[in-house]
Amino acid sequence: MLVSVVPIGNSRGIRFPKLVLDKFLVKDKMNMEVTENGILLTPVNDVPRSGWAEAFCKMHENKDDVLEGIPVSGAFEWEW
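A.B. asks: What is the right way to read the overall build of the protein chain from this model?
C.D. replies: A tally of helices and strands in the protein chain yields two helices and four strands. Listing the helices and strands of the protein chain from first to last along the sequence gives β-β-α-β-β-α. Its C-alpha radius of gyration of 25 Å places the protein chain more than 25% over the 12 Å reference for a compact globule of 80 residues. With the principal axes as the frame, the protein chain shows a C-alpha extent of 75 × 30 × 25 Å.

A.B. asks: How should the layout of surface pockets be read in this particular structure?
C.D. replies: Where empty space is left becomes clear once a probe the size of a water molecule has been rolled over the atoms. What the largest pocket holds in volume is close to 230 Å³. In this structure, the largest pocket is lined by Met1, Val3, Ile14, Phe16, Pro17, Val20, Met32, Ile39 and Leu41.

A.B. asks: Can you help me understand the environment of Val34 in this one?
C.D. replies: Looking at the element boundaries, Val34 is found in strand β3 (residues 30-34). Between the C-alpha atom of Val34 and that of Ala53, which follows or precedes it by 19 residues, the distance is 34 Å.

A.B. asks: Sorry if this is basic, but what is going on with a nonpolar patch on the surface here?
C.D. replies: Where nonpolar side chains cluster on the molecular surface, the patch consists of Met1, Val3, Val5, Ile14, Phe16, Met30, Met32, Val34, Ile39 and Leu41 and spans about 990 Å² of accessible area. Tracing the backbone shows Ile39 in strand β4 (residues 39-43).

A.B. asks: How should the pairing of strand β2 (residues 11-14) be read in this particular structure?
C.D. replies: Moving residue by residue along a regular strand, the side chains alternate between the two faces of the sheet. Strand direction decides the pairing type here: strand β1 (residues 5-8) and β2, joined by four bridges, are antiparallel. For Val5, the partnering residue across the bridge sits in β2 and is Ile14. Remark: two residues form the turn of the hairpin made by β1 and β2, two consecutive strands paired antiparallel; Gly9 in that turn has positive phi of roughly 65 degrees.

A.B. asks: How should the packing of aromatic side chains be read in this particular structure?
C.D. replies: Each aromatic ring pair is characterised by the separation of its centres together with the angle its planes make. Applying the stated rule across the entire model yields one aromatic pair. With centroids separated by 6.1 Å and ring planes inclined at 75 degrees, the aromatic side chains of Trp52 and Phe56 adopt a geometry described as edge-to-face. In this pair, Trp52 and Phe56 both sit in helix α2 (residues 52-61), four residues apart, roughly one turn of the helix.

What counts and what doesn't
Residues numbered from 1 in each chain as written. Predicted model: local features only at pLDDT ≥ 70, side-chain atom pairs only at ≥ 80, totals over all residues. Heavy atoms only, no water. Helix = DSSP H or I, 4+ residues; strand = E, 2+ residues; numbered from the N terminus. Rg over C-alpha atoms; globule rule 2.2 N^0.38 Å. 1 Å grid on protein atoms, 1.4 Å probe; cavity = no way out; pocket = protein on both sides within 12 Å on 5 of 7 lines; lining within 4 Å. Points joined across faces, edges and corners; volume = space filled by probe spheres on them. Patch = residues over 30% accessible without salt bridge, like charges linked within 9 Å, V, L, I, M, F, W, Y side chains within 5 Å. Areas by Shrake-Rupley, 256 points an atom, 1.4 Å probe, with all protein chains shown as cover. Salt bridge = Lys/Arg side-chain N within 4 Å of Asp/Glu carboxyl O. Pairing = 2+ DSSP bridges. Phe/Tyr/Trp six-rings, centres within 6.5 Å; stacked < 30°, edge-to-face > 60°.

Purely spatial values, then, with no claim about function.
What follows is the structure, given as structure tokens:
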């Protein structure tokens with residue numbers, strides 16, 4: 001596919017067709033890698049809260065999820 005390089009201020013850019021962006025789920029960021037053969041662009045697919053489940057499991061294993069100094073019994077009266 002032949003694409004045009006267009007001026008954008010003092011820089012230049014390439015416009016991607018919507019079908020291409022949709023196919024690769026491109027949102028607002030792409031990773032650019034400069035190689036000997038050219039430029040490789042890959043989409044950045046940030047998934048909200050990805051990796052949280054594993055992090056919470058690891059915290060539980062290390063007992064990092066225990067609140068210190070807060071009574072567990074119901075006899076405690078909170079002061080407001």
